[in-house]
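Spelled out from the first residue to the last, the chains are:
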Protein chains: 2
Amino acid sequence: MNPVRPTKTENIRETLEAHGLKVTPQRSVVLGYLMSTDRHPNAEEVFQAVSLHLAGAISKATVYNTLNTLVAAGAIVEVSAEPGVTRYDANIESHHHFIDRETGRIYDIPWESVEPLCQTLGTDFSIQDYHVTFYGKALKHEHSPP
Amino acid sequence: MNPVRPTKTENIRETLEAHGLKVTPQRSVVLGYLMSTDRHPNAEEVFQAVSLHLAGAISKATVYNTLNTLVAAGAIVEVSAEPGVTRYDANIESHHHFIDRETGRIYDIPWESVEPLCQTLGTDFSIQDYHVTFYGKALKHEHSPP
DNA sequence: TTCCTAAATTAGAATTATTCTAAATTCAGA
DNA sequence: TCTGAATTTAGAATAATTCTAATTTAGGAA
Ligand SMILES: [Mn+2]
Ligand SMILES: [Mn+2]
Ligand SMILES: [Zn+2]
Ligand SMILES: [Zn+2]
């Protein structure tokens, strides 16, 4: 019988194809990892994680290439939190971020959780988009696969 | 006769001392450059700019050291705009940023220009601070020393 | 199926940004 | 002036990312 919802691998395949990318094992495992986590990993962390999942290992160059390809295609987004670190996020919906100052962990904040900001800053700037970064302490531990 | 306002070099000296730092020519020229511009330069741009102003040249290591020292002392702040680039800002008041998507230039947005965001995100997060990054097109050219 | 070509992947070299090291200089205070 | 600590320095070392050039993979004719 057909599953009620698409399986994970079907989701991955669909997402790649929806963004005009061919499906390859390397792309699947990188995107699949990012879709499975809400931890906003950097390239090195993606490399570590997918090296476990992909039997025959994956080249670090491919991790960088694939992340850049996924970003260019719009399948994932880059997140600038701390200076000097590029993190990646499979959540491509508009949303904000909360950074725990003790742990450095980045949490997603749904767009609707933040009241809309007025869409004008006087006459000098035309606003197309905005993003709020909150800083503080996460009170509940939200566990998720690393 | 005494000037009505402190001169620039007096400002620089006062800022260094107010943050517990000794006054040196290198620190003065780095901080002075950052106080004179609103362009949020990165380390390389600071190095280029101060190399011109400081006759006998300044070591690039000193620029990095000095920027880190100034950040640690709270005399300047780091700004994370694009992923992978650390920029520096002598404006240490709470404020927001506007990034021109065409030019990449970062403009300061006064804290009061943005209506206050509610200080709660449910029960999971304790908010200590927040920062809004706007994206769009700057309409007026605001000129300032490079 | 076999062949062909383009795309994707790879290892390692190259580049770039930043930090580290160890020596030289500067500086404040005794 | 002397002295020790702080600062600055050049260049080496490290780390992150990109580039290069060769190899593998994969889909579409024939
Ligand atoms: Mn990128
Ligand atoms: Mn720093
Ligand atoms: Zn996110
Ligand atoms: Zn600023």
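Please read all numbers here as calculations on a predicted model, not as lab measurements.

Conventions used here
All residue numbers here refer to positions counted from 1 along the written sequence of the relevant chain. Note on labels: chains are lettered from A, ligands numbered from 1, in written order. The model is predicted, so local features are restricted to residues of pLDDT at least 70 and side-chain atom pairs to those at 80 or more, both for listing and for counting; the totals for chains, interfaces and linings are taken over all residues. In computing side-chain values, all of the structure's heavy atoms are included and hydrogens and water are not. Strands are runs of DSSP state E lasting at least two residues, helices are runs of H or I lasting at least four, and both sets are numbered from the N terminus onward. Pairs of residues are marked as contacts when any of their non-hydrogen atoms sit within 4.5 Å. For every domain, the bounds stem from an assignment made automatically or drawn from a database. A quick way to say it: buried area is the sum, across both parts, of accessible area lost when two parts are put together, with a 1.4 Å probe. Just to be clear on terms, a salt bridge is a Lys or Arg side-chain nitrogen sitting within 4 Å of an Asp or Glu carboxyl oxygen. Residues are grouped as follows: Ala, Val, Leu, Ile, Met, Phe, Trp, Tyr, Cys and Pro are nonpolar; Asp, Glu, Lys and Arg are charged; every other residue, Gly included, is polar. Nearness here has a simple test: a residue counts as near a molecule or strand if at least one of its heavy atoms is within 4 Å of that partner. Between N or O atoms, a polar contact is any pair within 3.5 Å; within protein, one atom must be a potential hydrogen donor and the other a potential acceptor, and residues adjacent in sequence are included only when both atoms are from side chains. Whether a residue is buried, partly exposed or exposed follows from its accessible area with a 1.4 Å probe, protein chains only, as a fraction of its type maximum: under 20%, in between, or over 50%, in that order.

**Quick word on the environment of Tyr135 of chain A**
- Assignment of secondary structure puts Tyr135 of chain A in strand β5 (residues 125–138).
- It is 9.4 Å that separates the C-alpha atoms of Tyr135 of chain A and Ile106 of chain A, two residues lying 29 residues apart in sequence.
- Ignoring any residue separated from it by four or fewer positions in sequence, one finds Tyr135 of chain A in contact with Phe98, Ile99 and Arg101 of chain A together with Ser126, Ile127, Gln128, Asp129, Tyr130 and His131 of chain B.

**Re the domain arrangement of chain A**
All names here are of chain A.
- Parsing chain A into structural domains produces domain 1 (9–89) and domain 2 (95–136).
- On a C-alpha basis, the centroid separation for the pair domain 1 and domain 2 is 24 Å.
- The interface is formed by 7 residues belonging to domain 1 together with 7 residues belonging to domain 2.
- Between domain 1 and domain 2, roughly 600 Å² of surface is buried when both sides are summed, and carbon and sulfur atoms account for 53% of that area.
- Connecting domain 1 to domain 2 are 1 salt bridge.
- Residues Arg105 and Asp38 are paired through a salt bridge, measuring 3.2 Å at the closest nitrogen-oxygen approach.
- When its residues are assigned to classes, the side of domain 1 that touches domain 2 shows 2 nonpolar, 1 polar and 4 charged.

**Remarks on the protein's contact with DNA strand D**
- Close contacts around DNA strand D come from 13 residues, with Tyr64 of chain A together with Thr24, Gln26, Arg27 and Thr62 of chain B the closest.
- The separation between a phosphate oxygen of DNA strand D and a polar side-chain atom of Thr24 of chain B is 2.4 Å.
- Separating a phosphate oxygen of DNA strand D from a side-chain N or O atom of Thr62 of chain B is a distance of 2.4 Å.
- Those elements that provide at least two residues to the surface near DNA strand D are α4 (60–73) of chain A together with α2 (25–36) and α4 (60–73) of chain B.
- Across the surface near DNA strand D, the residue classes break down as 5 nonpolar, 6 polar and 2 charged.

**Description of helix α3 (residues 43–53) of chain B**
Residues and elements named next belong to chain B.
- What α3 keeps buried is the set Ala43, Val46, Phe47, Ala49 and Val50.
- Close packing links the buried residues of α3 with α2, α4 and β2 (86–89).
- With a side-chain oxygen lying 3.2 Å from the backbone nitrogen of Glu44, the N-terminal cap of α3 falls on Asn42.

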